[in-house]
Amino acid sequence: MVPNVENTAVLKSALRGDLILPRDDYYNEARKIWNGMFDKKPGVIVRCKNTSDVAKAVNFARENNLLVAVKGGGHNSAGTASCNDGMMIDLSLMQNVEIDPDNNTAKVEGGCLLGAVDKATQEHGLAVSSGIISHTGVGGLTLDGGMGWISRKHGFSVDNLISAEVVLANGEIVHASKDENPDLFWAIRGGGGNFGIVTNFEFKCADIGTEVYSGPIVKRFEDAKEYIRFHREFVKTMPDEMTVWMVIRHAPPLPFLSEETHGKLVVLVPFVFLGDAEKGKELMQPVRDFGETLGDGSAMHTWVGWQSAFDGLVDHGARNYWKSHHIKALSDECIDVVIDYASKMPSAECEVFIPHMEGAPGRIGANETAFSFRSTPFVLNIHTRWREQSDDETCMKWARGFFNETKAFSQGVYVNFISDEGENRTKEAYTPKVWDRLVKVKNTWDSGNLFRVNQNIKPDNFS
Ligand SMILES: Cc1cc2nc3c(=O)[nH]c(=O)nc-3n(C[C@H](O)[C@H](O)[C@H](O)COP(=O)(O)OP(=O)(O)OC[C@H]3O[C@@H](n4cnc5c(N)ncnc54)[C@H](O)[C@@H]3O)c2cc1C
């Protein structure tokens, strides 16, 4: 349904923020989202300034029977921050962060990007456990889980959520916490934007100081098979303070790599240690000593600097098709498939990204939040990224083949890493018990499925 322009004028006059129509100059800029694969054209964009604007936009959309998409940071690789014809509720003007240093908590508005949260919390040496790229949105990342460099020690973003302010499908503004609307609070910690629009998040912060011993150590792709076999055992010996991931990609022009390494296929081993540099160095020595090391960027880095160190590798606008699953164990057979596909990457910007999980998230009870598969040891992220539309088919075919051939080693998926893959795939992100409970909560809070431009959990009576 396309909105009636006269009606939108009434809404516009009631807002503190902006209302943008296709005829407006800023429209094409405002409708952009991170993944260049999507060129959706909403009938109206409401850029909200506060919670009351969000409630007004929701009421307008519901009363006018408009499809609703919610844009936090706009990064969802399935393009769910936007829609055709309906209303995009854009939270990007809602970027306020308030820190309570006495209680180590942060109040974060629903449209914040991770970088804004890092900058504000770091003024007090604090951090919210979240993702690794500073231009990602807190909204989408948190509501589905939120994992990054300190989650092995401090849990996922959802594990640090204390409360949330939520605008419901009926326009009502409610709070959710362990004591207030606990079923809603359970569901928004893993069930995404299915239940309402979160205008404020309250997080517990971790006291990590302002610098972390971190860096990538770079290994030869030619040794990848042996290295990954070593890596899968090595990471299991690490304390929760140490997080060691693995990325197979073409080497960026990092200053500590020789020029002839730039652009070559390598295995990057990025890590973060929450502790002193000497101990971190000692813990990482086996990685340096394994086979040949092409470069070592280990050092004390500011947290803010480290959290934005990889931003440029995944900037806005490129075409992306990401596939992912949790890997039960990096078996030799699985490693063989990984090496085979990695050696045939269809573009210089593709990555095979293998975070090691385990640690604190696995010690949180399966019923406490809606995040399933907490004990997965590894995630296999197939990040397919390219520039030209003419390469779509080749690149997507590679990703699908890689995904299908590793499916036998997988168990579930992190919902934030699902592409545009349909309803059944969303279900695979949850255990059957959690899925059934999510549907029940959806029946209560959004029985008309107003919030459905997402990895959708359909209410029972919605076809
Ligand atoms: C470059 C890049 C790096 C990433 N790194 C990580 C990482 O380190 N860790 C990790 O866990 N994930 C990571 N992700 C995945 C990321 O968490 C998801 O893409 C997430 O959906 C992004 O949230 P967003 O707000 O930016 O996206 P959007 O596309 O704006 O939103 C995603 C979904 O959430 C909904 N939504 C957003 N904000 C709200 C809100 N306030 N209230 C209700 N619903 C809302 C939207 O409607 C949409 O359906 C990364 C993604 C990208 C593209």
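Remember, it's a predicted structure, so these values are computed and weren't measured experimentally. Going along each chain's sequence as written, the residues are numbered from 1 onward. For a predicted model such as this one, the threshold for reporting local features is a pLDDT of at least 70, and the threshold for listing and counting side-chain atom pairs is 80 or more; totals across whole chains, interfaces and linings nevertheless cover every residue. Computation of side-chain values: all heavy atoms of the structure, hydrogens and water removed.

## Thoughts on the overall build of the protein
Reasoning step 1: Secondary structure counts use DSSP, requiring at least four H or I residues in a row for a helix and at least two E residues in a row for a strand, with both numbered from the N terminus. Counting secondary structure elements, the protein contains 14 helices and 20 strands.
Reasoning step 2: We take the radius of gyration over the C-alpha atoms and set the globule estimate at 2.2 Å times the residue count to the 0.38 power. For the protein, whose C-alpha radius of gyration is 22 Å, the value lies close to the compact-globule estimate of 23 Å for 463 residues.
Reasoning step 3: Structurally, the protein occupies a C-alpha span of about 65 × 55 × 45 Å along its principal axes.
Reasoning step 4: Within the protein, contacts between residues separated by at least 24 positions form 73% of all contacts whose residues are at least 6 apart in sequence.
Reasoning step 5: Here, Shrake-Rupley sampling with a 1.4 Å probe gives the accessible areas, and only protein chains in the shown set may cover a residue. For the protein, the computed accessible surface area is about 18200 Å², with 48% contributed by carbon and sulfur atoms.
Reasoning step 6: Within the protein, the 62 negative side-chain charges are centred at a point lying 4 Å from the centre of the 49 positive side-chain charges. By definition in these notes, contact holds between two residues if any of their heavy atoms fall within 4.5 Å. All tallies of charge rest on Lys and Arg as positive and Asp and Glu as negative; His and the ends of each chain are not included. Every charge is mapped to an atom, namely NZ of Lys, CZ of Arg, CG of Asp or CD of Glu.

## Considering the sheet that holds strand β3 (residues 68-71)
Reasoning step 1: Strands were regarded as paired on the criterion that DSSP finds at least two bridges between them. Read across the open sheet, the four strands follow the order β1-β2-β4-β3; overall the sheet is mixed. Whereas interior strands pair on both sides, the edge strands pair on one side only; in this sheet they are β1 (18-20) and β3. The average undirected angle you get between the axes of adjacent strands in this sheet is 20°.
Reasoning step 2: Direction of pairing for β3 relative to strand β4 (residues 87-90): parallel, over a ladder of four bridges. Of the residues in β4, the one forming a bridge with A69 is M88.
Reasoning step 3: Where helix α1 (residues 5-14) meets the sheet, it contacts β1, β2 (44-47) and β4, and its direction lies at approximately 160° from that of β1. The angle between two axes is taken between their N-to-C directions and runs from 0 to 180 degrees, where each axis is a line fitted to C-alpha atoms and a helix contributes only its stretch in contact.

## Digging into the environment of C205
Reasoning step 1: Mapped onto the secondary structure, C205 falls in the loop between β10 (197-204) and β11 (206-207).
Reasoning step 2: Through-space distance from the C-alpha of C205 to that of H231 is 30 Å; in sequence the pair is 26 residues apart.
Reasoning step 3: Discounting chain neighbours no more than four positions away, the residues touching C205 are N104, T105, A106, T121, L126, A127 and V128.

## Looking at the pairing of strand β18 (residues 319-327)
Reasoning step 1: Relative accessible area decides the class of each residue, using a 1.4 Å probe on protein chains only: under 20% of the type maximum gives buried, over 50% gives exposed, and in between gives partly exposed. Burial of β18 is extensive: nine of the nine residues sit out of reach of the surface.
Reasoning step 2: One ladder, built from nine bridges, connects β18 with strand β20 (residues 378-386); its direction is antiparallel. Looking at the pairing, H325 lines up with L380 of β20.

## Some points on the packing of α1 against helix α3 (residues 51-63)
Each packed pair of helices is defined by two parameters, the angle between the axes and the distance between the axes.
Reasoning step 1: Running from N to C, α1 and α3 cross one another at 165°; their axes reach a closest spacing of 10 Å. Put simply, α1 runs roughly antiparallel to α3. In this structure, the crossing between α1 and α3 has a hand that is right-handed. Of the residues in α3, those touching α1 at N7, T8, L11 and A14 are D53, K56, A57 and F60.
Reasoning step 2: Three classes are used, and their members are as follows: Ala, Val, Leu, Ile, Met, Phe, Trp, Tyr, Cys and Pro are nonpolar, Asp, Glu, Lys and Arg are charged, and the others, Gly among them, are polar. Taken together, the residues of the contact of α1 with α3 sort by class into four nonpolar, two polar and two charged. Note on terminology: angles under 35 degrees are roughly parallel, angles over 145 are roughly antiparallel, angles of 65 to 115 are roughly perpendicular, and the others are oblique. For a crossing to be left-handed, the near helix must be turned anticlockwise from the far one by less than a right angle; the clockwise case is right-handed.

## Points about the pairing of β20
Reasoning step 1: With nine of nine residues buried, β20 lies mostly within the body of the structure.
Reasoning step 2: Neither face of β20 is left uncovered, since the one carrying F378, L380, I382, T384 and W386 and the one carrying V379, N381, H383 and R385 both have all their residues buried.
Reasoning step 3: Sheet topology places strand β19 (residues 351-354) next to β20; three bridges connect them, and they run antiparallel. Opposite F353, over in β20, you have N381 as the bridge partner.

## Some remarks on the packing of aromatic side chains
Reasoning step 1: Stacked, tilted and edge-to-face are the three classes assigned to paired rings of Phe, Tyr and Trp, where Trp is represented by its six-membered ring and a pair needs centres within 6.5 Å; plane angles under 30 degrees give stacked, over 60 edge-to-face, the rest tilted. Enumeration over the complete set of coordinates arrives at 17 aromatic pairs.
Reasoning step 2: Ring geometry for Y430 and W435: centres 6.0 Å apart, planes at 40°, overall tilted. The pair formed by Y430 and W435 is uniform in burial state, with each residue classed as buried.
Reasoning step 3: Think of it as a cone above the ring: NZ of Lys or CZ of Arg counts as a charge over the ring if it is within 6 Å of the ring centre and within 35 degrees of the ring normal. A cation sits over an aromatic face here: K323 above F403, 4.2 Å from the ring centre.
Reasoning step 4: In this structure, R437 is placed above the aromatic ring of W186, and the distance from its NZ or CZ to the ring centre is 3.9 Å.

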